[in-house]
Amino acid sequence: MQLVLHELQLALQELQLTVHELQLALHELQLALHELQLVLHELQLALHELQLVLHELQLALHELQLALHELQLVLHELQLALHELQLALHELQLALHELQLALHELQLALHELQLD
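Bear in mind that the values here come from a model prediction, so they are computed numbers and not experimental data.

Looking at the overall build of the protein chain
On a plain count of helices and strands, the protein chain comes out with one helix and zero strands. Seen through its principal axes, the protein chain has C-alpha atoms that stretch 170 × 10 × 10 Å. Looking at the protein chain as a whole, 0% of its 116 residues are labelled buried. If you sum the accessible surface of the protein chain, you get close to 11,400 Å²; carbon and sulfur atoms cover 68% of it.

Looking at the environment of L5
Positionally, L5 belongs in helix α1 (residues 2–115). Along the backbone, L5 and H83 are 78 residues apart, and their C-alpha atoms lie at a distance of 115 Å.

What counts and what doesn't
Each chain has its residues counted from 1, following the order in which its sequence is written. Confidence filtering applies because this is a predicted model: local features only for residues at pLDDT of at least 70, side-chain atom pairs given and counted only at 80 or more, and all residues used for totals across whole chains, interfaces and linings. Only heavy atoms go into the side-chain values, all of them from the structure, while hydrogens and water stay out. Runs of E in the DSSP output that reach at least two residues are strands. Runs of H or I that reach at least four are helices, and both are numbered from the N terminus. Accessible area is worked out with a 1.4 Å probe on protein chains only. A residue is then buried under 20% of its type maximum, exposed over 50%, and partly exposed in between. Accessible surface area values rest on a Shrake-Rupley calculation with a 1.4 Å probe, where residue burial reflects the displayed protein chains alone.

Have a look at this one:
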């Protein structure tokens, strides 16, 4: 009878060791899960930071596009001003040519008066 009780005690101790080993394994799994959750959280933070950087880049690109558009408008205005200047110079050339013709006509008239 004592032998049976001893064997039952040994079996109970083995069962307690097995339960303890299972508890340790479960604890290790919980720690690993916690570490995985921390890694996932760090990845989420890194992704969020990347999204912020991409948003900043999009804003900078938009600002650059606006600046380029403003530059195109300024260049267009400059082209218009240059065209107006070319027209004014052409009108001045025409006026000078008309003045030369009038002076030439005056010289001819004076020459005719001298001949008379």
